[in-house]
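# Descriptive structure summary
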Amino acid sequence: EDKVVQSPLSLVVHEGDTVTLNCSYEVTNFRSLLWYKQEKKAPTFLFMLTSSGIEKKSGRLSSILDKKELFSILNITATQTGDSAVYLCAGFKAAGNKLTFGGGTRVLVKP
Amino acid sequence: GAGVSQSPSNKVTEKGKDVELRCDPISGHTALYWYRQSLGQGLEFLIYFQGNSAPDKSGLPSDRFSAERTGGSVSTLTIQRTQQEDSAVYLCASSPSPSGGQFFGPGTRLTVL
């Protein structure tokens, strides 16, 4: 059975801090790993990582995939209160095209 | 441009009633997915549509759940004889291609009393 595990479950930081979120996966026929930010109901797409070792960046967010060790990291630098959310990672299968989601990491950024 | 839209945003129903949830994907997106998120749980895959291909229904939890996608666009998720454990947020996502990132709608919060 496919499995995606995120850590930590939650963390509290202060504005300006850097956070690192971890995602490990065991997904058969793995194609890509996706990161989402969920503030209310709808997850917002952040990154899709398909190739190992290539960092993707968007503003203060960056992410990288290690297909040998089966994990990904999402970094947020110079955190702001607006970064407070649940961050989800998901493994994307080549067959069936379904996403298997991790349980999420809840990030709270205090002013 | 318009994102994925879902209706209703909230639905309260009585146990045993049938409900229909609607999803309008982003125009031109060929792939459409349904997920649900129960309180405190991660997102759970339900069903996937791609073009005119037969849908992948492997995530549907029981035969009370069904979905269709008409004309390759709008999709309806139907839950028959609702149970309290069906209470969850039902999320729809669409993608421009089977290998593309999935873009989620705002979800429908279903409460079964």
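Anyway, here's the lowdown on the structure attached to this text. All values derive from a computational prediction rather than experimental measurement.

Okay, the environment of B:Gly59 next. Mapped onto the fold, B:Gly59 is located in the loop between strand S5 (43-50) and strand S6 (65-69). Distance from B:Gly59 to B:Phe45, taken between C-alpha atoms, is 5.5 Å for residues 14 residues apart in sequence.

Attention shifts here to the interface of chain B and chain A. With 23 residues of chain B in contact, the opposing surface of chain A contributes 17 residues. Roughly 1600 Å² of surface becomes buried between chain B and chain A when both sides are summed, with 58% attributable to carbon and sulfur atoms. By the criterion of area lost to chain A, the three top residues of chain B are B:Leu43, B:Gln102 and B:Phe104, representing 28% of everything that side buries. Taken together, chain B and chain A are joined by zero salt bridges. Seen at the junction of chain B and chain A, the total is three residue pairs in polar contact (both at pLDDT 80 or more). Residues that form the side of chain B that touches chain A fall into these classes: 11 nonpolar, 10 polar and two charged.

Moving on: the environment of A:Ser52. All names here are of chain A. With respect to the helices and strands, Ser52 occurs in the loop between strand S5 (43-49) and strand S6 (56-58). In the structure, Ser52 is positioned 18 residues away from Leu70 in sequence and 9.6 Å away in space, judged by C-alpha atoms. Excluding residues within four positions of it along the chain, Ser52 makes contact with Leu65, Asp66, Lys67 and Lys68.

So, how was this worked out
Residues numbered from 1 in each chain as written. Chains lettered and ligands numbered in written order. Predicted model: local features only at pLDDT ≥ 70, side-chain atom pairs only at ≥ 80, totals over all residues. Heavy atoms only, no water. Helix = DSSP H or I, 4+ residues; strand = E, 2+ residues; numbered from the N terminus. Contact = heavy atoms within 4.5 Å. Buried area = accessible area lost by both parts, 1.4 Å probe. Salt bridge = Lys/Arg side-chain N within 4 Å of Asp/Glu carboxyl O. Polar contact = N/O pair within 3.5 Å; in protein donor to acceptor, adjacent residues only side chain to side chain. Nonpolar A, V, L, I, M, F, W, Y, C, P; charged D, E, K, R; others polar.

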